[in-house]
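Coordinates in review
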Amino acid sequence: MSASVFFPLNRQQVVGVIGGGQLGRMLALAARRMGVRSVVWTGGLEAPAVEVADEIIDKPFDDPQALRDFCAKATVATVEFENIPLATMRGVAETIGLHPSPEAVGICQNREREKNFLRANGIPCTAFWVIETLDDLTSAMTELGGAGVLKTADFGYDGKGQLRITGSENPADVWEKFGKQRAVLEAWVPFEKEISVMVVRGKDGETATYDPAENRHRSHILDVSIVPARVDECVAEEARRIAEKVASALGYRGIMGVEFFVKTDGSLLVNEMAPRPHNSGHHTLDACVTSQFEQQLRAVLGLPLGSTRLVSPCVMLNLLGDFWPGETEPPDWTPLLSTPDTTLHLYGKRRAIGMRKMGHTTLLGTDALEKAEALKAAWGRSSVAPD
Ligand code: AMP
């Protein structure tokens, strides 16, 4: 390798991470392992990343002094969640550089922009209508003529800000119930599976994808990712191809998650994009040559990308708050720690409230799903189940 490859690391780059959640924490851990310093801007929120970052800025994202401090401490920046004010991202981008760009994150943080981007680039997605008024909703429901889901245009994740409709409701009642917010109405997709692809695009436009993950949810929160997804090889190939197309069309630099619905005929529709490391890529820490977090650092620092090769089939099981017998009382870890070829990742969150993401475990091997189900049963939880 040429000396230039190591140049950014030798220069003691400091990666700035906007957001301090578990993704920021795992990014900061990857940075430490690579000898890169990190500064995490928490937004003033509870931040699992503060325990591992080298420096912390514990101020809201719209604080101008915090923006100046962040840009003074970091030499280049990235985001670990997408709901960051565009003006803040632009300020960082102009001063030290932000990867992915504010424009790319701005598209992914808003469903209306995201769907319009997909449509404009000929990327298959659910039929949708942008809704501003009751009249829009009335005509969209007539055109749709069946089941759908109304989603807020802004700031939606994990099923929040969504209202399912059968199609037979009175549009005025739906509009009232939804709170008359700007929205996107999507046709309901009778999908067979949900899968996602992690794609990384580097400084010079080089792209790489990971094997698709098959995702199952509990109450709209990711429960397990099964990797590789149990789909035909041609479906997996097509998902990877579409994910690369999304990243290229966005002029993206960094790692992103592209979520798909797989229909019964094997065709794919993009559901949404996450412009950052993604929960369905956590298995890459233990089951792939290069983790999604290291990959993000490589892309952001302008280094060559790493191998995305899956070393072992695996299942990532999210350790959600409802596994905790009490808010501050963790589950008995013995069954997990005595399961062969299994790793434990905890995010250091103090209180297990509701379905909060407290950690995850990766179970390796062809019997990983059975092992995950046994683990759940040991904790008195039902077996891996769809929503
Ligand atoms: P989202 O926040 O848009 O990812 O939606 C959360 C979950 O709701 C998805 O993972 C799907 O399980 C389900 N969902 C969302 N939109 C649709 C749709 N148009 N058709 C069927 N299921 C959907």
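All values reported here derive from a predicted model rather than from experimental measurement. The written sequence of each chain sets the order in which its residues are numbered from 1. Since the coordinates come from a predicted model, pLDDT governs what is reported: local features require at least 70, and pairs of side-chain atoms require 80 or more to be given and counted, while whole-chain, interface and lining totals use all residues. In computing side-chain properties, one takes all heavy atoms of the structure into account and sets aside hydrogens as well as water.

Turning our eyes to something else, we now look at the packing of helix H2 (residues 22-33) against helix H11 (residues 292-301). Axis angle and axis distance: for two packed helices, these are the angle between their axes and the distance between the axes, and together they describe the pair. Two elements in contact, H2 and H11, have axes whose closest approach is 9 Å; the angle formed by their N-to-C orientations is 70°. If you check the angle between H2 and H11, you find them roughly perpendicular. Taken together, the residues of H11 that come into contact with H2 (itself represented by Leu 23, Met 26, Leu 27, Ala 30, Ala 31 and Arg 33) are Phe 293, Glu 294, Gln 296 and Leu 297. Polarity classes work like this: nonpolar for Ala, Val, Leu, Ile, Met, Phe, Trp, Tyr, Cys and Pro, charged for Asp, Glu, Lys and Arg, and polar for all others, with Gly in that last group. Grouping the amino acids of the contact of H2 with H11 by side-chain chemistry returns seven nonpolar, one polar and two charged. Helix axes are fitted only over the stretch in contact, all axes being lines through C-alpha atoms; the angle between N-to-C directions runs from 0 to 180 degrees. Under the scheme used here, helices are H or I runs from DSSP no shorter than 4 residues and strands are E runs no shorter than 2 residues, and both carry numbers assigned from the N terminus. Roughly parallel covers angles under 35 degrees, roughly antiparallel covers those over 145, roughly perpendicular covers 65 to 115, and oblique covers all other angles. Whether two residues are in contact is decided by their heavy atoms, any of which lying within 4.5 Å being enough.

Below, the discussion takes up the domain arrangement of the protein. A domain assignment, automatic or from a database, supplies the domain bounds used here. Parsing the protein into structural domains produces domain 1 (14-98), domain 2 (127-187) and domain 3 (191-378). Counting residues at the interface gives 21 residues for domain 1 and 22 residues for domain 3. For the pair domain 1 and domain 3, the two sides together bury roughly 1900 Å², of which 66% comes from carbon and sulfur. Any Lys or Arg side-chain nitrogen found within 4 Å of a carboxyl oxygen on Asp or Glu counts as a salt bridge. Scanning the region where domain 1 abuts domain 3 turns up four salt bridges. Between Glu 82 and Arg 276 there is a salt bridge; the shortest N-O distance is 2.5 Å. As used in this structure description, the phrase polar contact means that two N or O atoms lie within 3.5 Å; if the pair is within protein, one of them must be able to donate a hydrogen and the other to accept it, and residues adjacent in sequence are counted only when both atoms belong to side chains. Put simply, domain 1 and domain 3 have seven residue pairs in polar contact (both at pLDDT 80 or more) between them. Breaking the side of domain 1 that touches domain 3 down by element, the ones donating at least two residues are H2 and strand S4 (76-79). Take the accessible area each of two parts loses on contact, using a 1.4 Å probe, and add the two losses: that sum is the buried area.

Once that is clear, we can look at the pairing of strand S14 (residues 268-274). Of all seven residues in S14, seven are buried; the element is thus mostly enclosed. Where strand S13 (residues 254-262) meets S14, six bridges bridge the pair, whose relative direction is antiparallel. For Phe 260, the partnering residue across the bridge sits in S14 and is Val 270. Adjacent in sequence and paired antiparallel, S13 and S14 are bridged by five residues, among which Gly 266 carries a positive phi angle near 90°. For every residue, the accessible area obtained with a 1.4 Å probe (protein chains only) is divided by the maximum for its type, and the residue is called buried under 20%, exposed over 50%, and partly exposed between those limits. Note on pairing: DSSP must find at least two bridges between two strands before they are called paired.

With that out of the way, let us pick up the side chain of Gln 292. Note that Gln 292 resides in helix H11. By relative accessible area, Gln 292 is classed as buried at 0%. With near-sequence residues (within four places) excluded, Gln 292 lies in contact with Met 198, Tyr 210, Ile 255, Pro 277, His 278, Gly 281, His 282 and Thr 284.

We now examine the environment of Val 315. Summarising the element assignment, Val 315 is placed in strand S15 (residues 314-320). Classification of Val 315 as buried rests on a relative accessible area of 1%.

Another point: the sheet that holds strand S5 (residues 128-131). With antiparallel pairing, the four strands of this open sheet are ordered in space as S5-S8-S6-S7. Edge positions in the open sheet fall to S5 and strand S7 (162-165), since each of these has one partner strand only. The mean angle between the axes of side-by-side strands here comes to 20°, regardless of whether they run parallel or antiparallel. One ladder, built from four bridges, connects strand S6 (residues 148-152) with S7; its direction is antiparallel. What sits directly across from Val 149, in S7, is Arg 164. This element, helix H7 (residues 134-144), spans S5, S6, S7 and strand S8 (183-187) of the sheet and lies at about 170° to S5.

Bringing the layout of surface pockets into the picture now. The volume enclosed by the second largest pocket comes to roughly 230 Å³. For each structure, a 1 Å grid was placed over the protein atoms alone; sets of points admitting a 1.4 Å probe that cannot get out are labelled cavities, open sets with protein on both sides within 12 Å along at least five of seven lines are labelled pockets, and lining residues have an atom within 4 Å of a point. Every residue lining the second largest pocket is counted, 14 residues in all, and those nearest its centre are Met 26, Leu 29, Leu 285, Ser 291 and His 345. Only H2, helix H10 (284-287) and strand S16 (342-346) provide two or more residues apiece to the lining of the second largest pocket. In terms of residue class, the lining of the second largest pocket is made up of eight nonpolar, four polar and two charged. Shared between two domains, the lining of the second largest pocket holds at least three residues of each, these being domain 1 (14-98) and domain 3 (191-378). Grid points are joined across faces, edges and corners, and a volume is the space filled by probe spheres set on the points.

The subject of this paragraph is the site of the ligand. With respect to spatial proximity, 17 residues lie near the ligand, and among them Lys 151, Gln 162, Val 189, Glu 194 and Glu 272 are the closest. The side chain of Glu 186 places a nitrogen or oxygen atom 2.9 Å from a nitrogen atom of the ligand. At 3.0 Å from an oxygen atom of the ligand is found a side-chain nitrogen or oxygen belonging to Asn 271. Here, Shrake-Rupley sampling with a 1.4 Å probe gives the accessible areas, and only protein chains in the shown set may cover a residue. The protein chains hide 97% of the 470 Å² of surface that the ligand would expose on its own. Among the elements of the structure, S6, S8 and S14 are those that each provide at least two residues to the shell around the ligand. Domain assignment of the residues forming the shell around the ligand places at least three in each of domain 2 (127-187) and domain 3 (191-378). Nearness here has a simple test: a residue counts as near a molecule or strand if at least one of its heavy atoms is within 4 Å of that partner.

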